[in-house]
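Descriptive structure summary
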Amino acid sequence: MDDSKRPRVARPRRRARRTARLRAIMARRVLVLGSTGSVGRQSLDVLAGLRDSHVVVGLSAARSAQRLSEQARAFVPEAVALADAAHAAELQLPAGCRVFTGPEGLVQLVEHVAADVVICGITGAAGLRSTLAACAGGGVVGLANKESLVLAGHLVRAACRRSGARLVPVDSEHSALAQCLQGHDPAHVRRLVLTASGGPFRGWSAERLGGVTPAQALRHPSWDMGPRITVDSATLMNKALEIVEACRLFDLPPERISVVVHPQSVIHSMVEFTDGAVLAQLSPPDMRLPIRWALGYPGRVPSGAPPVNLARLPGLSFEEPDTTAFPCLLLGPRVARAGGLTGTVLNAANEVAVEAFLAGRLPFTSIHGLVADALDRCDNVAEPDLELIEETDRRVRREAAACLPQTAS
Ligand SMILES: NC(=O)c1ccc[n+]([C@@H]2O[C@H](COP(=O)([O-])OP(=O)(O)OC[C@H]3O[C@@H](n4cnc5c(N)ncnc54)[C@H](OP(=O)(O)O)[C@@H]3O)[C@@H](O)[C@H]2O)c1
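Residues numbered from 1 in each chain as written. Predicted model: local features only at pLDDT ≥ 70, side-chain atom pairs only at ≥ 80, totals over all residues. Heavy atoms only, no water.

**Focus: the overall build of the chain**
Tallying secondary structure elements over the chain gives 16 helices and 11 strands in all. For 409 residues, the compact-globule estimate of 2.2 N^0.38 gives 22 Å, and the chain sits close to it at 22 Å. A principal-axis box enclosing the C-alpha atoms of the chain has dimensions of 85 × 55 × 40 Å. Taken across its 409 residues, the chain has 50% of its residues classed as buried. Put simply, 68% of the contacts in the chain that link residues at least 6 apart link residues at least 24 apart. For the chain, the accessible surface area stands at approximately 18,900 Å², while carbon and sulfur atoms represent 52% of it. Side chains of the chain give 46 positive and 40 negative charges; the mean places of these two sets differ by 11 Å. (Helix = DSSP H or I, 4+ residues; strand = E, 2+ residues; numbered from the N terminus. Rg over C-alpha atoms; globule rule 2.2 N^0.38 Å. Buried < 20%, exposed > 50% of the residue type's maximum accessible area, 1.4 Å probe, protein only. Contact = heavy atoms within 4.5 Å. Areas by Shrake-Rupley, 256 points an atom, 1.4 Å probe, with all protein chains shown as cover. Lys, Arg positive; Asp, Glu negative; His and termini not counted. Charge placed at Lys NZ, Arg CZ, Asp CG, Glu CD.)

**Thoughts on the sheet that holds strand 8 (residues 189-196)**
Spatially, 4 strands are ordered 9-8-10-11 in an open sheet, and the strand pairing comes out mixed. The sheet is open, and its two edges are formed by strand 9 (257-261) and strand 11 (278-282), each paired on a single side. Adjacent strand axes in the sheet meet at a mean angle of 20° when their direction is disregarded. Against the sheet, helix 7 (residues 172-181) touches strand 8, strand 10 (267-273) and strand 11, its axis set at about 40° to strand 10. (Pairing = 2+ DSSP bridges. Axes fitted to C-alpha atoms, helices over the stretch in contact; angles between N-to-C directions.)

**Description of the nonpolar core**
Inside soluble globular proteins, nonpolar side chains tend to come together where they are buried. The biggest cluster of nonpolar side chains holds 124 residues, and the ones touching the most others in it are Leu167, Leu192, Phe201, Phe250, Leu295, Leu346 and Phe364. Apart from the residues lying within four places of it in its own chain, the contact partners of leucine 346 are Val150, Met237, Leu241, Leu331, Val335, Val371 and Leu375. (Core = buried A, V, L, I, M, F, W, Y, C linked by side-chain atoms within 4.5 Å.)

**Observations regarding the packing of helix 6 (residues 146-163) against helix 11 (residues 237-250)**
Two elements in contact, helix 6 and helix 11, have axes separated by 8 Å at closest approach and are oriented at 15°. The angle between the axes of helix 6 and helix 11 places the two elements in the roughly parallel class. Between helix 6 and helix 11 lies a crossing whose hand is left-handed. In this structure, helix 6 uses Lys146, Leu149, Val150, Gly153 and Arg157 to contact helix 11, whose residues at the interface are Asn238, Leu241, Glu242, Val244, Glu245, Arg248 and Leu249. For the contact of helix 6 with helix 11, a count of residues per class yields 5 nonpolar, 2 polar and 5 charged. (Parallel < 35°, antiparallel > 145°, perpendicular 65-115°, else oblique. Left-handed = near helix turned anticlockwise from the far one by under 90°. Nonpolar A, V, L, I, M, F, W, Y, C, P; charged D, E, K, R; others polar.)

**Description of the pattern of salt bridges**
Side chains that carry opposite charge are capable of pairing whenever their charged atoms lie near each other. All told, the structure shown has 23 salt bridges when counted by the stated rule. The salt bridge partner of aspartate 45 is arginine 288, with a shortest N-O separation of 2.8 Å. Taken together, the residues aspartate 45 in helix 2 (residues 38-48) and arginine 288 in helix 12 (residues 288-296) connect sequence positions 243 residues apart. Given a relative accessible area of 42%, aspartate 45 falls into the partly exposed group. The partly exposed category is assigned to arginine 288, whose relative accessible area is 31%. The salt bridge partner of glutamate 399 is arginine 395, with a shortest N-O separation of 3.2 Å. Residue glutamate 399 and its partner arginine 395 are both found in helix 16 (residues 386-402); the two are separated by 4 residues, about one turn of the helix. One connected set of salt bridges, linked through shared partners, spans Glu147, Arg228, Asp232, Glu351, Asp393 and Arg397. (Salt bridge = Lys/Arg side-chain N within 4 Å of Asp/Glu carboxyl O.)

**Re a nonpolar patch on the surface**
Together, Leu282, Val308, Leu310, Leu316 and Phe318 line one region of the surface with nonpolar side chains, adding up to about 440 Å² of accessible area. As for its placement among the helices and strands, leucine 310 is situated in the loop between helix 12 and helix 13 (331-338). (Patch = residues over 30% accessible without salt bridge, like charges linked within 9 Å, V, L, I, M, F, W, Y side chains within 5 Å.)

**Let's talk about the site of the ligand**
Around the ligand lies a shell of 25 residues, among which Thr36, Arg63, Ser64, Glu147 and Asp171 are the nearest. Taking glycine 34, its main chain carries an N or O atom lying 3.2 Å from an oxygen atom of the ligand. Serine 64 places a polar side-chain atom, nitrogen or oxygen, 2.7 Å from an oxygen atom of the ligand. A total of 900 Å² of accessible area belongs to the ligand in isolation, and the protein chains cover 86% of it. Residue composition of the shell around the ligand, grouped by class: 11 nonpolar, 10 polar and 4 charged. (Near = heavy atom within 4 Å. Polar contact = N/O pair within 3.5 Å; in protein donor to acceptor, adjacent residues only side chain to side chain.)

**Observations concerning the side chain of aspartate 393**
With respect to the helices, strands and loops of the structure, aspartate 393 is situated in helix 16. With a relative accessible area of 12%, aspartate 393 lands in the buried category. Setting aside anything within four residues of it in sequence, one finds aspartate 393 in contact with Ala125, Thr344 and Ala348.

**Quick notes on the environment of proline 263**
You can see proline 263 is positioned in the loop between strand 9 and strand 10. Placed 67 residues apart in sequence, proline 263 and alanine 196 show a C-alpha to C-alpha distance of 7.1 Å. With residues near it in sequence (within four places) discarded, proline 263 still touches Ala196, Ser197, Arg202, Ser222, Ser317 and Glu319.

Now the structure itself:
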C-alpha cells in the first residue's frame, strides 16, 4: 500500500514510534553507580523526570538487592552490578538485564555498558576503581564519590586527561565552585570559599561533644544523606575531605581555600577573584540540583521546580569554624599539602572510626585522635600507584581497628 492510501489514524502512531526511536538514539545514556544510596536514589528521582532526554543504562549497589531490583524494573537498564555476590540470588530483574557481581563487577559494568554520563555515587574508598573506570570511558563523570579524589586525585585526573572525560562535581559545594568558575581565567581566582552548615553540633564546646550519641550525629540540620557523610558532617571531617577534593579538582593549594560556616546552607560555595569580586551559587539545599547539572552538562536541564523565592529565604549568616571543638577540619589542609598516601590514610582511618562510633565502640571526640595518629604513622610516598593505594588502605584499616577501645564507649 502506498503511503497516501494508509488509514489516516496510522500516521500519528507511526510518527510517535519514529519519535520514540529517535529519542532513544539521541538520549544521553546514564549509568548510576551506588543507585540504592542517597545520591543514587536522588539521581533516579531526577532521571525519572528526564525520560525524553536521558536513558538509564546501568545501576549498582553493594548488597541492597531488593531495592536494586525495584529500580531495575522501573528503569529497565541494560545491566546491573551487585558488589556483594552473596546477595545475588535475591535479585529479581527484568528479562535481558545482565548482572555483574563482586567488587570487580562494578568495573565490568562500567566497561561493558557504554554511557555518556556516569554518576559515581558509591560511598568511601570502595568507589575508587569504578570512578577510575568511568574516567577511562571518556564521557561526563558526575563525581559524588569525593574519596576518589582524596585517595587518588592524580590518577583520576590522569585518566581524564587520557580519555578526554569531563569531571563534573556532584558534591554541592564543588558543583557551586565549578559553576562560579565557568568562563573565568584561573589566573584571576584569588581563593575558593567552601561553605559548611556546621552540622548538628554547631556552637557546642569540646566538653559537651564528649557525650554525643550516634542518633544525635545522624540528625543533620540541612541535608538528608547516607550515614557515613552525615557523621563526617558532624565532625567537620567532611569539610576536611572537601578541602582536599577542591585542591585536586581545581588545582589550587590549600592556602587558597577557606571554609566559612553558613548554617542556612543556601550559599553552596563562593569564588573570590583578584579584583575582589565574589561569585556565589545559591539555592535551597537539594542535591538534585548538582545532580541535574552533571546530567545536563555542559547545558542545563529544566527542573520544573518553582522559582526560588528570595524574599522568603532565611537571613544568611556566616561565622568562622571552631577548630578547637572540631579539630578534624585541620586535617584537610594538612593532607592536601602532603598529598601522596596521606589522603588514603585519612580516609581509611576515618571510615574505621565512623563505623566504630556508629557501633557504639568509639566516642565521637575520639574520631579525630584515631585519624590523626594514623596520619602521624604515615610513611608517605609521592604519586602512589593504585596497588600501593589499595594496599595502604587495607593496612591502615587493620591498624586503626587494632587501636579501637576493647569495650563499648
Ligand atoms: N548523600 C548526599 O547528599 C551527598 C552529598 C555530597 C556528596 N556525597 C558523596 O556521595 C557518595 C555517596 O554518599 P551517599 O550519602 O549517597 O551514601 P549512601 O547513602 O550510604 O549510599 C552508598 C551507595 O554505595 C553503595 N555501596 C556502599 N558500599 C559499597 C561497596 N563496598 N561496593 C559497592 N557499592 C557500595 C551502596 O549500596 P547498598 O545500598 O547496597 O549499601 C549505596 O548504593 C559519598 O562519597 C558522599 O561523600 C553525598
